[in-house]
Amino acid sequence: QIAMRYFVFGLFCYFGSSIMVTWVLFDIVQAVLITFILITFLFALFRQSMVIRRAFITTLPFTTGLLRGNPVRSPDEIGQGTSTG
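The structure reproduced in this document is the subject of the present report. Every residue gets a number counted from 1 within its own chain, in the order that chain's sequence is written. Whole-chain, interface and lining totals are the exception, using all residues; otherwise, since this is a predicted model, local features are given only for residues with pLDDT of at least 70 and side-chain atom pairs are given and counted only at 80 or more. Derived side-chain values reflect all non-hydrogen atoms in the structure, with water molecules and hydrogen atoms excluded from consideration.

1. Some words on the overall build of the protein
- Only DSSP runs of H or I covering at least 4 residues are called helices, and only runs of E covering at least 2 are called strands; the numbering of each starts at the N terminus. Regarding its fold elements, the protein presents three helices and zero strands.
- Along the protein, helices (α) and strands (β) appear in the sequence α-α-α when read from the amino end.
- What sets the accessible areas is the Shrake-Rupley method with a 1.4 Å probe; for residues, cover comes only from the shown protein chains. Accessible area of the protein: about 7,700 Å², with a carbon and sulfur share of 69%.

As structure tokens, then:
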């Protein structure tokens, strides 16, 4: 969850800085047009990140991958039944 928050925060910072640079470098008509396009993309990316978040963040318990017992046979068990000569 923390990584997703940093991702969304970084996304807003990137688009915010892009919009500010647009207002510095372009005249007013172009700046308004580019700002509208960037805000539209920001909204679309935010919506998509929410879809991804709902897909990966669940309330179900996680599988730990913990192995119970000894999954590797002991050398004594491996040597039984084989000829060594």
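Back to the write-up after that little detour.
2. Here we look at the packing of helix α1 (residues 2-25) against helix α2 (residues 28-56)
- Two numbers describe how α1 lies on α2: the axes approach to 9 Å, and their chain directions differ by 175 degrees. One finds that α1 runs roughly antiparallel with respect to α2.
- Looking at the contact of α1 with α2 residue by residue, the classes come out as 18 nonpolar, four polar and one charged. Here, axes are lines fitted to C-alpha atoms. For helices the fit covers the stretch in contact, and angles between N-to-C directions go from 0 to 180 degrees. These descriptions rest on fixed angle ranges, namely under 35 degrees for roughly parallel, over 145 for roughly antiparallel, 65 to 115 for roughly perpendicular, and the rest for oblique. Basically, the charged four are Asp, Glu, Lys and Arg, the nonpolar ten are Ala, Val, Leu, Ile, Met, Phe, Trp, Tyr, Cys and Pro, and anything else, Gly included, counts as polar.

3. Regarding the nonpolar core
- Joining through side-chain atoms within 4.5 Å is the link that ties buried Ala, Val, Leu, Ile, Met, Phe, Trp, Tyr and Cys residues into a set, and such a set is a nonpolar core. Each residue is assigned to one of three classes by its accessible area relative to the maximum for its type, calculated with a 1.4 Å probe on protein chains only: buried under 20%, partly exposed between the two thresholds, exposed over 50%. Core analysis: the biggest nonpolar cluster contains five residues, these being L11, F15, I19, L38 and L42.
- For this core, the secondary-structure elements that each account for two or more residues are α1 and α2.
- Here this core gets three residues from one element, more than from any other, and that element is α1.
- Dropping the residues within four chain positions of it, L38 is found in contact with F15, S18, I19 and T22. What makes two residues a contact is simply this: any of their non-hydrogen atoms within 4.5 Å.

4. Looking at α1
- The terminal C-alpha atoms of α1, which comprises 24 residues, lie 35 Å apart, in line with the 34 Å expected from a rise of 1.5 Å per residue.
- Here α1 has its buried residues at M4, V8, L11, F15, S18, I19 and T22. Under the convention used throughout, the expected extent of a helix is 1.5 Å for every residue step, that is, one less than its residue count.

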